[in-house]
Amino acid sequence: MTVVPHRVAVLALDGVVALDLGTPAQVLGAARTDDRTPLYAVTTCTAGGRPIRSTAGFQVLPDHGLDLLETADTVIVPGIHAGPPLDDGTVADEVATALRAAHDRGARIMSICTGAFVLAAAGLLDGRPATTHWAYASRFRRLHPGVRLDPEVLFVDDGRMLTSAGVAAGVDLCLHVVRTDHGSAVANRAARRCVVPPWRDGGQAQYIERPVPRVAETGTAATREWARQRLHEPVTLRELAAHARMSVRTFTRRFRSETGLSPAQWLLQQRTEHARVLLETTDLSVDRVARDAGFGTTAALRQHFHTRVGVAPTAYRRTFRAPVPSGQVGLPAQGA
């Protein structure tokens, strides 16, 4: 059976960030089956199919108008550096209507960087968790107080509504989508083709400008690698600090500064990702996966895995255990 590529519409507005505009086609376009069949078909559109300006000194001449959103499986709004969504929190009625219609019929909606301002202006983020570039967080909160903004993460996956932080975080989000749709093996291959890491630790808090320079301290990278080799063990905060030769307080502060996460949050992230790989690539029982990934019990694995990935471990394994076939590719159910 022939693979039908997932249809992705990139909706560009005037003042579009050039890198954000190209990210979906580059990253999603690198996601392929073993026989190199593309898994996504990425197309760009604008309101009315009109040319728009980019931030890089060139115009974008799209092949499609907003009607492209009527059949897209996923709609992505790249960031912008100017215009009403950033100035006063509004967006053209025709754009808002098209985005809401796409969401209402079940399409997945995504934004990169300040594209979140467009989704919020269309009323799609009210009451939802979301993120955007940390430098625009104050403005976003002022314009959209009803959105649960978290400016310290690289991306937020809220079912069919996904938002990412600035610039390179769009790569992280697109790889997350590939991983969610088709598993880690496909996402890792796509990352290698794009010459980027398949997964970045932590969030964007590590990149936020600080008013006072940090005091030079020994980093925690070596300790993080040490911990990765011991995910199956009950590693404590005190043991981590001792390995880094720091006090617990200094280590915790330094760790959060470098990763954007607390040590406990980071360990949970790493254990979940390790469990994901074990479920995909081995025939180990779920109980054994729980122990080898450091969760201890199947119940703990099930709870944390469902929270982070959105499905139970057994359901995830059924979807992704086998290699991507040359026929129909299944997707896990996503919440609205």
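Everything discussed here concerns the structure shown above.
Here is a short report on the structure shown in this document. (Residues numbered from 1 in each chain as written. Predicted model: local features only at pLDDT ≥ 70, side-chain atom pairs only at ≥ 80, totals over all residues. Heavy atoms only, no water.)

So, about the nonpolar core. Leu11, Leu99 and Leu125 are the most contacted members of the largest nonpolar core, which has 37 residues in total. Within the residue set of this core, elements represented by two or more residues are strand S1 (6-11), strand S5 (74-77), helix H3 (93-104), helix H4 (115-121) and helix H5 (137-143). Excluding its chain neighbours within four sequence positions, the residues that come into contact with leucine 99 are Leu11, Leu69, Val75, Val77, Ile109, Val118, Leu119, Ala122 and Leu124. The next biggest cluster of nonpolar side chains, apart from the first, holds 30 residues, and it includes Leu28, Val60, Leu175 and Cys194. (Core = buried A, V, L, I, M, F, W, Y, C linked by side-chain atoms within 4.5 Å. Buried < 20%, exposed > 50% of the residue type's maximum accessible area, 1.4 Å probe, protein only. Helix = DSSP H or I, 4+ residues; strand = E, 2+ residues; numbered from the N terminus. Contact = heavy atoms within 4.5 Å.)

Packing of helix H9 (residues 237-244) against helix H10 (residues 248-259) brings their axes to within 9 Å, and their N-to-C directions diverge by 85°. Between H9 and H10, the angle falls in the class roughly perpendicular. For the pair H9 and H10, the contacting residues are Leu237, Arg238, Leu240, Ala241 and Ala244 in the first and Val248, Phe251 and Thr252 in the second. Residue composition of the contact of H9 with H10, by class: six nonpolar, one polar and one charged. (Axes fitted to C-alpha atoms, helices over the stretch in contact; angles between N-to-C directions. Parallel < 35°, antiparallel > 145°, perpendicular 65-115°, else oblique. Nonpolar A, V, L, I, M, F, W, Y, C, P; charged D, E, K, R; others polar.)

Take the packing of aromatic side chains next. All told, the structure shown has five aromatic pairs when counted by the stated rule. Aromatic pair phenylalanine 117 and tyrosine 136: ring centres 6.2 Å apart, planes at 80°, arrangement edge-to-face. With phenylalanine 117 in helix H4 and tyrosine 136 in the loop between strand S7 (129-130) and H5, this residue pair connects regions lying 19 residues apart in the sequence. Neither residue differs from the other here; phenylalanine 117 and tyrosine 136 are each classed as buried. Among the aromatic residues, ring-to-ring pairing joins Phe117, Tyr136 and Phe140 into one connected group. (Phe/Tyr/Trp six-rings, centres within 6.5 Å; stacked < 30°, edge-to-face > 60°.)

Right, let's talk about unusual backbone geometry for a bit. The phi angle at cysteine 113 is positive, at roughly 55°, despite the residue not being glycine. Summarising the element assignment, cysteine 113 is placed in the loop between strand S6 (108-111) and H4. The residue valine 195 is not glycine, and still its phi comes out positive at about 55°. Residue position: valine 195 is located in the loop between helix H7 (184-194) and helix H8 (221-228). Taking the relative accessible area as the measure of exposure, valine 195 reaches 73% and is therefore exposed.

The next thing to look at is the pairing of strand S2 (residues 40-45). Where S1 and S2 come together, six bridges link them in parallel fashion. Along S2, the bridge assignment pairs histidine 6 with tyrosine 40. (Pairing = 2+ DSSP bridges.)

Leu240, Ala241 and Ala244 are the residues of H9 that are buried. Take H9 and look down its axis: the buried residues cluster within an arc of 95°, on one side only. Turned more than 90 degrees from where H9 packs its buried face, Arg238 and Ala242 sit exposed. Each element contacted by the buried residues of H9 is listed here: H8, H10 and helix H11 (263-281). Two residues or fewer past H9, arginine 245 is found with a positive phi of approximately 60°. (Arc of directions from axis to C-beta.)

Turning next to the side chain of arginine 271. Mapped onto the elements, arginine 271 comes out in helix H11. Look at arginine 271: it is buried, it has no salt bridge, and the nearest opposite charge is glutamate 233 at 7.9 Å. A distance of 2.7 Å separates a polar side-chain atom of arginine 271 from the backbone oxygen of glutamate 233. Every residue in contact with arginine 271, bar those within four places of it in the chain, is listed here: Arg230, Leu231, Glu233, Pro234, Val235, Ala293, Gly294 and Phe295. (Lys, Arg positive; Asp, Glu negative; His and termini not counted. Salt bridge = Lys/Arg side-chain N within 4 Å of Asp/Glu carboxyl O. Polar contact = N/O pair within 3.5 Å; in protein donor to acceptor, adjacent residues only side chain to side chain.)

Owing to its 3.6 residues per turn, the α-helix brings residues three or four apart onto one side. Here helix H6 (residues 169-182) spans 20 Å end to end across 14 residues, near enough to the 20 Å set by a 1.5 Å rise per residue. Burial analysis of H6 places 14 of its 14 residues in the buried class, the great majority of the element. (Expected span 1.5 Å × (residues − 1).)

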